[in-house]
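Reading the structure
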Amino acid sequence: MFPGVASKTIEDVLFAGIDVRVERVNDVSGGLVLEAESTGRPGRCPDCRKRAERVHSTYQRSLDERPLGPRRVTVRLRVRRFFCDRPSCSRRTFVEQVGGLTGGTAGQASG
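Residues numbered from 1 in each chain as written. Predicted model: local features only at pLDDT ≥ 70, side-chain atom pairs only at ≥ 80, totals over all residues. Heavy atoms only, no water.

Let us look at the overall build of the protein. Helices and strands together make up the secondary structure of the protein, namely one helix and seven strands. If you list the helices and strands of the protein from N to C, you get α-β-β-β-β-β-β-β. Each of the 111 residues in the protein was classed as buried or not, and the buried ones make up 35%. Counting contacts in the protein only where the partners sit at least 6 residues apart, residues at least 24 apart contribute 46% of the total. (Helix = DSSP H or I, 4+ residues; strand = E, 2+ residues; numbered from the N terminus. Buried < 20%, exposed > 50% of the residue type's maximum accessible area, 1.4 Å probe, protein only. Contact = heavy atoms within 4.5 Å.)

Time to look at the pattern of salt bridges. Scanning the model with the defined rule gives eight salt bridges in all. For Glu37, the salt bridge identified is with Arg21, shortest N-O distance 2.1 Å. Residue Glu37 is located in strand 2 (residues 31-38), and its partner Arg21 is located in strand 1 (residues 20-28); the two are separated by 16 residues in the primary sequence. Accessibility expressed as a relative area gives 39% for Arg21, which makes it partly exposed. With a shortest N-O distance of 3.1 Å, Asp47 and Arg91 are connected by a salt bridge. Highlighted residues: Asp47 in the loop between strand 2 and strand 3 (55-62) and Arg91 in the loop between strand 5 (71-83) and strand 6 (93-96), separated in sequence by 44 residues. Given the relative accessible area of 44%, Asp47 is considered partly exposed. When salt bridges that share partners are traced, they join Arg21, Glu23 and Glu37 into one network. (Salt bridge = Lys/Arg side-chain N within 4 Å of Asp/Glu carboxyl O.)

Time to look at a nonpolar patch on the surface. Among the surface-exposed residues, Ile10, Val13, Leu14, Val25 and Leu68 lie close enough to one another that they form a single nonpolar patch of about 390 Å² accessible area. No other element matches helix 1 (residues 10-14), which puts three residues into the nonpolar patch. Tracing the sequence through the fold places Ile10 in helix 1. A relative accessible area of 33% places Ile10 in the partly exposed class. (Patch = residues over 30% accessible without salt bridge, like charges linked within 9 Å, V, L, I, M, F, W, Y side chains within 5 Å. Areas by Shrake-Rupley, 256 points an atom, 1.4 Å probe, with all protein chains shown as cover.)

Moving on, we come to the nonpolar core. Counting residues in hydrophobic clusters, the biggest one holds 15 residues, and the most contacted among them are Phe15, Val20, Val75, Leu77, Val98 and Leu101. Contributing elements (two or more residues each) for this core: strand 1, strand 2 and strand 5. Here the element with the most residues in this core is strand 5; it accounts for four residues. Not counting the four nearest positions on each side in its chain, Leu101 is found in contact with Phe15, Ile18, Val20, Leu63 and Leu77. Grouped together as the second largest cluster of nonpolar side chains are seven residues, Cys45, Ala52, Phe82 and Cys84 included. (Core = buried A, V, L, I, M, F, W, Y, C linked by side-chain atoms within 4.5 Å.)

In structure tokens form, the structure reads like this:
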């Protein structure tokens with residue numbers, strides 16, 4: 001390789017400072033599909049601000065395609081839905097937002 005040049009992961013290059021792990025990269029019809037999952041701390045309920053302790057479920061979101069040179073990149077991001085366990089809160093579940101990708105700030109959740 002190149003002496004003195006650090007090796008970087010795909011997360012370091014494409015998702016610097018964002019809590020995701022790339023599980024798979026697929027080359028499909030002139031573009032790339034990145035399958036990733038959130039790795040951040042559980043979010044806080046957007047109503048009462050209690051930090052989530054239990055995962056309700058997960059699902060995959062497809063984020064807008066972005067150009068990467070001459071190719072299009074689609075990110076399929078697996079996110080978590082959490083329970084809000086505070087009895088006085090009217091919200092029962094909420095979906096995490098991944099800062100830098102899904103419109104929220106890191107560690108914040110909405111739903």
